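# Examination of the molecular architecture
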Amino acid sequence: MKRKQPTKSSPLSRSGRFAHGMSVEVQRFSESISFDWRLWRHDILGSMVHATMLAKVGLLTEAELKAIVDGLEAIGEDIREGRFKWKPELEDVHMNIEAELTRRVPAGAKLHTGRSRNDQVALDMRMWLRDEIRLLGDELTGLQRSLVALAARESKVLIPGYTHLQRGQPVHFAHHLLAYVEMFDRDRARLEDALERVNVCPLGSGALAGSTLPLDRSMVAKLLSFTDAKGRACLSANSMDAVSDRDFVVEFCAAAALIAVHLSRLAEDLVLWSSAEFGFIRIADAFTTGSSLMPQKKNPDVAELTRGKSARVIGNLVSLLALLKGLPMTYNRDLQEDKERLFDTADTVRACVRLTAQMMLNTSVNAEVCAAAAADPLLLATDLADYLVRKGVPFREAHHVVGQVVALAEQRRCTLDALSVDDLQTCSGAFGADAREVFDLKAAMARRTLPGSPGTQEVRKQLKRWHRALRAPAQETAQ
Ligand code: ARG
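The shown structure was predicted, so the numbers you read here are calculated from the model rather than taken from an experiment.

The rules behind the values
Residues numbered from 1 in each chain as written. Predicted model: local features only at pLDDT ≥ 70, side-chain atom pairs only at ≥ 80, totals over all residues. Heavy atoms only, no water. Helix = DSSP H or I, 4+ residues; strand = E, 2+ residues; numbered from the N terminus. Rg over C-alpha atoms; globule rule 2.2 N^0.38 Å. Buried < 20%, exposed > 50% of the residue type's maximum accessible area, 1.4 Å probe, protein only. Contact = heavy atoms within 4.5 Å. Areas by Shrake-Rupley, 256 points an atom, 1.4 Å probe, with all protein chains shown as cover. Lys, Arg positive; Asp, Glu negative; His and termini not counted. Charge placed at Lys NZ, Arg CZ, Asp CG, Glu CD. Near = heavy atom within 4 Å. Polar contact = N/O pair within 3.5 Å; in protein donor to acceptor, adjacent residues only side chain to side chain. Nonpolar A, V, L, I, M, F, W, Y, C, P; charged D, E, K, R; others polar. Patch = residues over 30% accessible without salt bridge, like charges linked within 9 Å, V, L, I, M, F, W, Y side chains within 5 Å. Salt bridge = Lys/Arg side-chain N within 4 Å of Asp/Glu carboxyl O. pLDDT = per-residue confidence, 0-100. Phe/Tyr/Trp six-rings, centres within 6.5 Å; stacked < 30°, edge-to-face > 60°. Lys NZ or Arg CZ within 6 Å of the ring centre and 35° of its normal. Axes fitted to C-alpha atoms, helices over the stretch in contact; angles between N-to-C directions. Parallel < 35°, antiparallel > 145°, perpendicular 65-115°, else oblique. Left-handed = near helix turned anticlockwise from the far one by under 90°. Disulfide = S-S within 2.5 Å.

This part takes up the overall build of the protein chain. Scanning the protein chain from N- to C-terminus turns up 18 helices and four strands. Since a compact globule built from 479 residues should have a radius of gyration of about 23 Å, the 31 Å found for the protein chain marks it as more spread out than a globular shape. Along the first, second and third principal axes, the C-alpha set of the protein chain runs to 110 × 55 × 40 Å. Within the protein chain, buried positions represent 47% of all 479 residues. Counted over contacts in the protein chain with a minimum sequence separation of 6, partners at least 24 positions apart contribute 73%. Surface accessibility of the protein chain: about 24,300 Å² in total, with carbon and sulfur atoms responsible for 54%. The protein chain carries 64 positive and 61 negative side-chain charges, and their two centres are separated by 3 Å.

Dropping the structure here:
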C-alpha cells in the first residue's frame, strides 16, 4: 500500500492515521493560531532548549542541532518582521512553527522527539505568564508610586472618611490613598507567590506519560530558568498533573481579578470625588470625555471603564474554573479555551493599572472644597464621646450623651461647635470648660497617634515608609 506523505497543509499530527483532512468549518472551529500566535517567542525558545538537550543526550547530531537552532532563529526573525504567514489549517502556534521549520530544514522532523504539544503548550504558557507577572508587578509598583506621589503632594489635605457613604470621621486625603497602596502591595505579594507555582518546568512529561527516551529534564529546566533561589531545577513531579494542570492560570487570574476589584473601587472613589456633589478632585482633561449632547459635561470615562472592565476579568476567572471542573485526567482539548481568558485578563489588568497610574498623576485636589467638607464638626462627634470617656463616663453612656448633643444642635439648627458649654452641660454634667477644644480639627488630627491611624504624625510616617519601600527597584534574588 502506498503510504500517504505529510502534505503541506495537513497538520503534522494527522499525517499517518487519517485518511481525510478536516473540513474547513472544523478547522475554523478548532484553530487557536488566531490567539496563541503570541506564544511564539516562548515556543521558539523552548524548542531551541529542547533541541540542545536532545543533542546532549545523543538524539541529535551537532549539525542537526545547528540546523534546527538556525532555522528557528530565522523563523523568529520572520515573525518579528511580520513576514511569517500563520496558517489556520496548522491549528496552533506549535504546529505552525514546527511545520515551517521542517519545510526549511530536514532535521526539523526530529525536533518533536520526546515531546508532545501537551507538555509544550504548558511550557509555553508558563514561560509567557512568568514574563507577564513580572511586567504586571512593575506596573503595580508604578501605580503605588503615583498614589504615594499624589498623597505626598496633598499631605495636608483633610477629607471626611466615610462608612456607608455617610460622613464618619476626618482623615488625611493621603491616608485614604495609602489604603489603596496597601491593597496593591498585597496584590504584588500574591503575584510573587503565584510565580513560584508558575515557575515549574513541565517539559519531559510528554503527552501524559513522559518518555522512554533518556531526556535530561533538569538541563532543560535550568536553561529555561525554571530554578529556585538556590539555582536548583524546578520540575513538575507528576507527568499527568503536568499536562492537565492549569491551576497556575487560575491563580494568576484570581490575583488579577482582585487587582481589578481594587482598581474598580479606586475608580468608584474617583468618580464620586470628581462629581459636583463631592468636588474633591479634578481629573485632567486627557482622562475624561465630553458628552455628545450636553456641552458642559466632563465625564470620568477612564475611571468608569476601569470599573467596568473589572467585570470581564472576574468573568474570565469564573470561566476558567468552569472550564476545569469537569475535566477527566489528563489533557483535554477543552484546555485550549484557557488562553483567551488568560490573555484577556493579563492585557486588561495591565492596561487598567497603567492608565490608573497615569490618571493619578494627572489629578488635582480642590483644597478648599475638601477643607470645607472636613471642617464639619459632626465628624468630631466621636471625639466628643472620647472626651467624656476621659472624664470617666462609660463609653455607652458617652455615646448616648453625644447623640443628645447632636439632636440639640439639630433642633437649634446650628453646628455642633456652636453649642456653648452650658448647652453641653444640659446633656451631661461631665462636660467641662475645655469641652469645646475637641472641635479644633488640627489638634484632633494630632491626637490620632495609634499605629495605622489617620493622624498627622502617623500618616507622615507611612508616607516616609512607602517612599523608602518604593524608591529602590525590587531586589533580584541572588542566584
Ligand atoms: N492548541 C492546543 C491547546 O492550546 C495545543 C495542544 C494540543 N494538544 C492536542 N493533543 N491536541 O491546548
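There's plenty left to go through after this.
This paragraph deals with the site of the ligand. In the vicinity of the ligand, the contacting residues are S32, D92, H94, R117, N118, V121, Y331, Q336 and K339. Between the ligand and N118 there is a distance of 3.0 Å, counted from a nitrogen atom to a side-chain nitrogen or oxygen. Contacts to the ligand include Y331, whose side-chain N or O atom sits 2.3 Å from an oxygen atom. When residues of the shell around the ligand are assigned to their parent elements, the largest contribution, three residues, is made by helix α6 (residues 117-153). Taken together, the residues of the shell around the ligand break down into two nonpolar, four polar and three charged.

Turning next to a positive patch on the surface. Taken together, the side chains of K156, K442, R460, K464, R468 and R471 present a region of like positive charge at the surface. Considering every element that reaches the positive patch, the biggest residue donor is helix α18 (residues 456-471), with four residues. Structurally, K464 is set in helix α18.

Turning next to the side chain of N199. With respect to the helices and strands, N199 occurs in the loop between α7 (173-198) and α8 (217-223). N199 gets classed as buried once you look at its relative accessible area, which sits at 10%. One polar contact links N199 to R130, side chain to side chain, over a distance of 2.8 Å. At 3.2 Å, the side chain of N199 forms a polar contact with the backbone oxygen of T227. Excluding residues within four positions of it along the chain, N199 makes contact with R130, S225, F226, T227 and C234.

In this structure the tally under the stated criterion is 35 salt bridges. The salt bridge partner of E100 is R104, with a shortest N-O separation of 2.7 Å. Pair noted here: E100 and R104 are both in helix α5 (residues 93-104), with a separation of four residues, about one helical turn. Of the residues examined, E100 reaches a relative accessible area of 11% and is grouped as buried. For R153, the salt bridge is made with E154, and the minimal N-O distance between the two is 3.6 Å. By sharing partners, the salt bridges in this structure join D78, R83, E100, R103 and R104 into a single network.

Geometrically, the link from M329 to T330 is a cis peptide bond, its omega value of 0° lying close to zero. Within the element layout of this structure, T330 appears in the loop between α11 (301-325) and α12 (338-361). Positive phi outside glycine occurs at E91, with the angle close to 70°. Within the secondary structure, E91 sits in the loop between α4 (62-80) and α5. One non-glycine residue, H164, lies in positive phi territory at about 55°.

Bringing the confidence of the model for the protein chain into the picture now. Residues with a pLDDT of 70 or more make up 95% of the protein chain, whose mean pLDDT is 95. Taken as a whole, residues 1-8 scores under 50 in pLDDT and shows six contacts with residues more than four places along the chain or in a different chain.

Here we take up the packing of aromatic side chains. Across all of its chains, the model carries seven aromatic pairs by this definition. Aromatic side chains F278 and F280 sit 5.4 Å apart centroid to centroid with 85° between the ring planes, which places their arrangement in the edge-to-face category. What makes F280 buried here is its relative accessible area of 2%. Three or more aromatic residues link up through ring pairs in this structure, and these residues are Y162, F173, W273, F278 and F280. Sitting over the face of the ring of F226, R130 holds its NZ or CZ atom 4.1 Å from the ring centroid. Lying across the ring of W466, R465 places its NZ or CZ 4.4 Å from the centre.

For the rest of this paragraph, the subject is the environment of T449. Along the chain, T449 falls in the loop between α17 (441-447) and α18. The exposure class assigned to T449 is exposed, which follows from its relative accessible area of 55%.

Right, let's talk about the packing of α6 against helix α10 (residues 247-273) for a bit. At their nearest, the axes of α6 and α10 sit 11 Å apart, and the two run at 20° to each other. Comparing their axes, α10 and α6 come out roughly parallel. For α6 against α10, the interelement crossing comes out left-handed. Contacts between α6 and α10 pair A122, M125, R126, L129, E132, I133, L136, L140, L143 and L147 from the former with F248, V249, F252, I259, L263 and L266 from the latter. Grouping the amino acids of the contact of α6 with α10 by side-chain chemistry returns 14 nonpolar, no polar and two charged.

Our next topic: the state of the cysteines. Overall, the coordinates contain zero disulfides when judged by the stated rule. Lacking any disulfide linkage, C352 is separated from the closest cysteine sulfur, that of C253, by 14 Å. You can call C352 buried: its relative accessible area is 8%.

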